[in-house]
Structures are given as structure tokens and as C-alpha cells.
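Report on the structure
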Amino acid sequence: MTGVSPWLALPGGRPTPELTRQLRAAHETFVTRGAPPQRPGVRAVVWDSWRRSLGSGVDPDGQGPPVDLLDDDLAAYRAAHPLAPVLPVIRRLLVEDAEADRMIVAVTDADGRMLWVEGDRRLRSLAEGMHFVPGARWSEDVAGTNAPGTALALDHPVQFYGSEHYRRPVQPWSCSAAPVHHPVTGVLLGAIDVTGGDHVASPHVLTLVRATVAAVESELRWLHREEPRDGARPVRAAPARPAAPVLEVLGRDRARLTRAGGPVELSLRHSELLLLLAEAAAAGEGRSAERLAAECHAGDAAAVTVRAELSRLRRLVGPDLVGSRPYRLLGPLETDLDRVRRLLDRGAVAAALDCYTGPVLPRSGAPGVAAARRRTAAAVRTAVLGARRPELLLRFTALPEARDDAAAWQALLEVLPAGSPRRPAAAAHLLALRRGPRG
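As a starting point, this report considers the structure included with it.

Parameters and conventions
Residues numbered from 1 in each chain as written. Predicted model: local features only at pLDDT ≥ 70, side-chain atom pairs only at ≥ 80, totals over all residues. Heavy atoms only, no water. Helix = DSSP H or I, 4+ residues; strand = E, 2+ residues; numbered from the N terminus. Buried < 20%, exposed > 50% of the residue type's maximum accessible area, 1.4 Å probe, protein only. Contact = heavy atoms within 4.5 Å. Areas by Shrake-Rupley, 256 points an atom, 1.4 Å probe, with all protein chains shown as cover. Lys, Arg positive; Asp, Glu negative; His and termini not counted. Charge placed at Lys NZ, Arg CZ, Asp CG, Glu CD. Pairing = 2+ DSSP bridges. Axes fitted to C-alpha atoms, helices over the stretch in contact; angles between N-to-C directions. Salt bridge = Lys/Arg side-chain N within 4 Å of Asp/Glu carboxyl O. Nonpolar A, V, L, I, M, F, W, Y, C, P; charged D, E, K, R; others polar.

1. Let's talk about the overall build of the protein chain
Each helix and strand counted, the protein chain has 17 helices and eleven strands in total. Projecting the C-alpha coordinates of the protein chain onto the three principal axes gives extents of approximately 80 × 80 × 35 Å. By residue count, 48% of the 439 residues in the protein chain fall in the buried class. Taking as baseline every contact in the protein chain between residues at least 6 positions apart, the subset at least 24 positions apart corresponds to 62%. Accessible area of the protein chain: about 21,500 Å², with a carbon and sulfur share of 52%. Between the averaged position of the 57 positive side-chain charges in the protein chain and that of its 50 negative side-chain charges there is a distance of 4 Å.

2. What about the sheet that holds strand β2 (residues 114-119)?
Strand order across the open sheet formed by five strands is β2-β1-β5-β4-β3, with antiparallel pairing between neighbours. What marks the edges here is a single partner per strand, and that holds for β2 and β3 (158-160). Across this sheet, the average inter-strand angle for adjacent strands is 15 degrees, counted without regard to direction. Here β3 runs beside strand β4 (residues 174-181); their pairing, made up of three bridges, is antiparallel. Bridged to V158 within β4 is A177. The strands that helix α8 (residues 203-224) touches are β3, β4 and β5 (188-196); relative to β4, the one it contacts most, it runs at about 20 degrees.

3. Side note on the sheet that holds strand β7 (residues 256-259)
With mixed pairing, the four strands of this open sheet are ordered in space as β8-β7-β6-β11. If you trace the sheet from one side to the other, it starts and ends with β8 (262-265) and β11 (334-335), each paired once. Looking at chain direction, strand β6 (residues 246-248) and β11 are connected through two bridges and run parallel. Counted as the bridge partner of V246 is E334 from β11.

4. Things to note about the pattern of salt bridges
Going through the model one piece at a time under the given rule, you end up with 29 salt bridges. A salt bridge links E164 to R43; the nearest nitrogen and oxygen atoms lie 2.8 Å apart. With a gap of 121 residues between them, E164 in the loop between β3 and β4 and R43 in the loop between α1 (17-33) and α2 (44-55) connect regions that are remote in the sequence. Overall, E164 belongs to the buried group, its relative accessible area being 3%.

5. With respect to the packing of helix α10 (residues 289-296) against helix α14 (residues 367-387)
Here α10 crosses α14 at 60 degrees, and the two axes come no closer than 5 Å. Between α10 and α14, the residues in contact are A294, E295 and C296 and P367, G368 and V369, respectively. Taken together, the residues of the contact of α10 with α14 sort by class into four nonpolar, one polar and one charged.

6. Some thoughts on unusual backbone geometry
For H131, which is not glycine, the phi torsion reads 65 degrees and is therefore positive. Residue placement: H131 occurs in the loop between α5 (121-127) and α6 (140-143). The phi torsion at L361 lies on the positive side, around 35 degrees, for a residue other than glycine. As for its placement among the helices and strands, L361 is situated in the loop between α13 (349-355) and α14.

7. A look at the pairing of β2
Counting buried residues in β2 gives six out of six residues, a clear majority hidden from the surface. Pairing between strand β1 (residues 103-109) and β2: five bridges, direction antiparallel. Bridge assignment links I104 to a residue of β2, and that residue is G119. Connecting β1 to the next strand, β2, in antiparallel fashion are four residues, including G112 with a positive phi near 85 degrees.

Written out as C-alpha cells, the structure reads:
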């Protein structure tokens, strides 16, 4: 049919038995034998998404996507999200009629994490079985082909019918979704999705979703205005509490400290000292110059040397951050190391791996830093191997520190689907590790 949008799942509004049989057969062939040389009657947008899902190691029969955010963390994240102020618009245009229309309405962030899932209560209860719940991550690389995840991956409105989904547990559902952008900056903020039965894959539902996105972006533009149109003085919000300084040490040769005045690149020695003070503060402690000397230097070092470095550090970052007698932090200091630990503590392994950009100050030989490096790497490794999810193991084995980790490569081979194009390279790498260096 000419002139039909490739983004529509059911241009005629309803599925036919022939279409359903064709999709099921194509999907079965794809996940059991790998991608055939020709696309067998499947839309290009579906076929390409299946290939990406296979390449990401998504298990077509695996458990539901991970739930990254829970309870207070989810509430705080939603409250601070740019789409929170426009939620009433989404509810008015989609949610109010969702129960009568037998639909679920979901709003995600730009990474595919579900922020709000509302609508038909019976359908929501059924959808919980596939982790279609607030806080769950439905990005395409984790959850396979699905409307919100693929809409974000392609930055385009799209819909899927039944067996067009890559994961079999999702195939009883159909969905239509469109990405949302900030109307001024153009930044991708998230997606709006409608999920339900076959009728959700009809053209008019995608049109409704796109119209809702347009209304949301219009509301965001109105909220962003700097001056009111009537010439009155703008109402000023109460000043926000200054954010805590942030120290970044993961995957960086030297730490970066970001404060209200902007980022500051620290020397390696200052990076080590500030990280050690942050680690001490996490334990509710301070440090003497003698102990810092032992944690900073592999050999003997005079405490006077450390005192001189700390004096220079205090001049650089200000006396309100680092105190003395004993040396300690005088206020909160957030580290990217802290973020990884918190995420791991609540089982959000995917989000922790997002934050884990590499070892702690990899060029540092300071004993205290090396200990933090080992603890963090071991915690991430244990969580990833314990999760046994292909997409996490693929990302973990891509890290330099996992290059020679035979156990991680073995775990990856065990969970990759039989038809994954990643299997041959993973098997070859594992074989080379077991053989050891030649010479």
C-alpha cells in the first residue's frame, strides 16, 4: 500500500489473522535461528529493532526489565523531573478516559525509566507481571522492541502490535508512543506511551499521543517564559538550596570538583586527599596528618608534607569545605562513588553501571585510593555477575578492567541467546583467556 506511514502498526485499524500468523512465524525464526538474509514481511522499523535487541543481548523469554527506582528515590526523582509540572495536561488528555478506553498511560524519562503509569486499573495489575511499573527501565537495549523504548531510541513516534515486540511476555500487548522534547532547548525529556489491546495499535491512537505531546511541549514553552505578557513583574520562586559540591573520581586520572562557581580540575595529589577525606566523612570520621600520609604514600612520608598539600588544597577549594584538627569535610560532598554504592545497595544494577565510568583514579598509587578502587570494582562485578543479564554483562565486559576476567566472559556466554551475533567473539575471547599468553 503506497503512502502508508511506516511508523503505523495497523494502518487499517485492525489486525488480520494472516498478519498475526506471519509475525509470529517471523519472530520465532528470528529468535531461534538468527536474522535471515531477507526481511520476511515485517516492517523495517520492527526488523531493525529486533536486530538491535538481539545485538544488545535481550533475552526474548527473560524476566521483566529491572526496576531502577523505588519508594523515596522514585518520588524524589519524579518530583524533580521536567515533565512533572505538565502531568495535569497528560492526565486531562489521556488518563481521564483511559479506563473507559481500556488503556494504560505511561510517562518515561529520556532513558526509558517509567515515571508514571496510570489508567485502567485491571490492565495495570496485569502489566505488573512484566514489570510495566513506575521505576522500571524500558529502554530498547534492556526491554527489547517496545513503543516507548524504541521511540526514544529513534527519537520518533512509533507503535507496535502484538508479536512485533521482541520479548514474548510483551506480545499480548500493543502500544503507541512519542518522544517529548523541551520546546526551547530541544533536549529529549522522555516519552508518552499508551499501552493496551489491539486497538492501541490503530492510527488514531498514535495521533492522539502525538497531539498530547504537542500540548505538553506547548505547556512547557509557556512555563519557560521569562516575562509575563501583561508587563507585571514576574513572581519569583523561593531561592533553591545550593547543591552540594560533587567530586568525580570514576574513570578519571584526576578528580573534578564541581561547586557553585563551576568545575575545578584537581591535581592528582589533591584528588587523592579530597577523596580520602570524603571516604572518611562517609564513615563519620576525620583524619590526622599522619594517617593521611600513610593512605596517600606507598612508602614512608612525613606528615609535614601532607599538611603542606592540605594547606594548598584548602586555598584552592575554600576553607568552608575542608577543616583541620583533625582534617575533615565541613559540609556535604557528593561523589560519583557514593552514587554507585547507593544504586548497588538497592539493587539498581543497570543504573549503577551507568554511573560506573571506570576505576577510581586509575593512575593513583595511593594505598587508600587503591583500596577504594578495589572495593568499588568488586562490588560492581559481584552485582553484574549476580544479575546474569546479557545487556549488563555486555557492558561490563567492555570495561578495560574486565578484559581479562574469564568468569565474566563465561557468564556472558551462558546468558547470550543462541542466535546472538555477539557469541562468536565472546567465545573466542574466552578461549584466548583460558589458553593464556603465548610465548
